[in-house]
Every structure is written in structure tokens, then in C-alpha cells.
Amino acid sequence: TILVIGGGAISFGAFAAAGFNFENLSTESRNWTSSTKTFAPEAESPHTAIVLRDMGEDVRIEPTDGDAIEVTYWTNERKSFDVGDNGGTVTVEGSREPAIGIMMIGSFEDHSTVLKVPRSYTGSLTVETSSGSIDVADLDGLGSVALSANSGYVSAMRVSAGSVDLKTSSGNIVAVGVEAEAFSARASSGSLSFDDVEGSSFEARTSSGDQSLGDVRANTLSARSSSGDIETAVIGAEGVELEASSGSIHALFAGTAADYDTTASSSSGHVSAPNGTTGAAKRIVASTTSGSIDLRFMRDSATLDGSE
């Protein structure tokens, strides 16, 4: 009791000494300096690739109506950047020295690295963060988009490209309004959420986390979860593979059950799936090791056709 009361008094005293302002409790340096680099206009010197790697802050990618790629970044005595333009490739490399001390409280200010991409840009975009999240929005007609976060979420909103690849080791992935010939998303520990995603191929993988598929349209669709549920709204695809090692599958498909050649199985769980048509052009394979399966089909009149 004495230790608890004493600890509370010390905490209150520290907070009071900080002027009752949480920002003043930060042990991180406040000597941040903002810098902006503007590259040559695309009309004069078109670029084919953008590679951005940041070791310690969030990254935001935004469109610009201008004709030049622009990046704004923050530095201090521990954080530095190397920005270059070589042979049509823009590189932005942020590095951060390890923190020394028993307790480090991060800054309460926003020191995100912000990259602005001209709407005329059609090259590739590669973004990697060691500790930070990635937000990309409103980019159209890119060659490829690859976003990878080691510890943080990944968000892609209203993006179109030849290929889109989203990865995170620890964090969630959200994709809304994405169009790509090849779309893939993988999370080691985190959930996946998709809505209005269209492409020739769609692939989603989670080691530990749920998957939520809204309106997804693809020729081939594959969603697998080692530990977590898979739930879908309307799926339109020629070939579908849904697999949950430990979790349930609940899916709604466009058309009727007769449009599909359906196989559904669960080692330990209830299976509800209408009989399809053997040899049908469209195919569904759904399986779980431990969990239930519920497959339903939407008729043209928007009614559900679901039975054993």
C-alpha cells in the first residue's frame, strides 16, 4: 500500500512538473527540423521508380496536381535522411540511431514522412517502414505498388496499378477502391479488410488474424488464414479457394449455386453449402481444419439461395 501510494504521488508530481501536459513528458528530442525536397518536373525528366524507406516514422503518400515529385521529412540528432535521384529513380532513405536509456517516451508531434506524387506519374512505387504505418491514397495508373511495414498498419485507398502488394509483420491491412491486375496482401499478425477490390488475381494470407472481404471481383481468388475467420460480402470470381486452418468461413457469392462447381469440407465443424453443378466453369473450394463453413449465393433478384 505504501509503495502504491508513494508511486502515485511521484507520478502526480512528475505530471505537475510537466505542467499537466503529456507532451512535456516526452523524453525524445524536440530539435526536429522539417525539410522539403522537390525533384525535376516529370515533363523535363520523367522518373520510372520511387523507393522510400523510413526507419522510424509513419509514411503518407498523396497525389499532387503539380508535375514534380516532392518529399517532406523530419530530422534531428538521431534521425537523418539520404535523398537522391539517380537514373530516373527517386530514393528516400530515412535512418535512425537506436535509443539509449531505460525509458523513452515518443514525441506527441506528427513527424510523418510525406511523399507527393504527380498524377501524371506512371512508374513504380515501393515503400518500406521498420517501425511505422503506411498510408497511400488517390493514385491512379501506376506500374506497380509495393507497401511493406515491419510494425504498423498498411492502408491503400483508391489506388490503381498493374500490381499491388501489401505486407505487414505486425499490424492490419486495409484496401478500399483498389484496382490491379495482380493484388496480394499478407499479414503475419493482424487482420485484413478489403472492399471494392478488382483484379485478375487476388491473394490474401494471414498467419494470425481475421479476413474481411467486401466487394471483391477477380478471375482467381485465394484467401487463407492459419488462425482466424474468413468472412466475405459479394465475391465475383471464376476460381475461388478459401482455407482456414483454425477458423470459420462465411462467404456470399454472386450468381446462383448452379453457376459453381463447389467443394466444401471441415475436419471439425458444421458445413452449410448448396449443391453446385459438377463441371461448372466457376469453381469454389472451401476447407477448414477447425471451424464451420457457410456458403451462400446471391440470385439476380438479390435473394439468397442457401441450403444443405
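Residues numbered from 1 in each chain as written. Predicted model: local features only at pLDDT ≥ 70, side-chain atom pairs only at ≥ 80, totals over all residues. Heavy atoms only, no water.

A. Spotlight on the nonpolar core. Of all hydrophobic cores here, the largest spans 63 residues; its most connected members are L166, F183, F194, F202, L242, F253 and L295. Sequence-distant contacts of F202, that is, excluding residues within four places in its chain, are made with F183, F194, V197, L213, V216, A218, T220, L221 and S222. (Core = buried A, V, L, I, M, F, W, Y, C linked by side-chain atoms within 4.5 Å. Buried < 20%, exposed > 50% of the residue type's maximum accessible area, 1.4 Å probe, protein only. Contact = heavy atoms within 4.5 Å.)

B. Structural context of the side chain of S155. Here S155 lies in strand β10 (residues 154-170). Judged by its relative accessible area of 8%, S155 is buried. Not counting chain neighbours up to four residues away, the residues in contact with S155 comprise I134, D135, V136, L147 and V174. (Helix = DSSP H or I, 4+ residues; strand = E, 2+ residues; numbered from the N terminus.)

C. Structural view of the confidence of the model for the protein. Chain-level pLDDT for the protein is 88 on average; 85% of the residues reach the 70-or-more range. When the criterion is pLDDT under 50, residues 300-308 qualifies, and its contacts beyond four places in sequence or with other chains add up to 18 contacts. (pLDDT = per-residue confidence, 0-100.)

D. Seen up close, the pairing of strand β12 (residues 192-208). Relative to β12, strand β11 (residues 173-189) is paired through 13 bridges, and the arrangement is parallel. What sits directly across from A185, in β12, is A204. Pairing of β12 with strand β13 (residues 211-213), which is carried by 3 bridges, proceeds in the parallel orientation. Residue pairing in the sheet places S193 in a bridge with S212 of β13. In terms of strand pairing, β12 meets strand β14 (residues 216-225) through 9 bridges, oriented parallel. By the bridge assignment for β14, V197 is matched with V216. (Pairing = 2+ DSSP bridges.)

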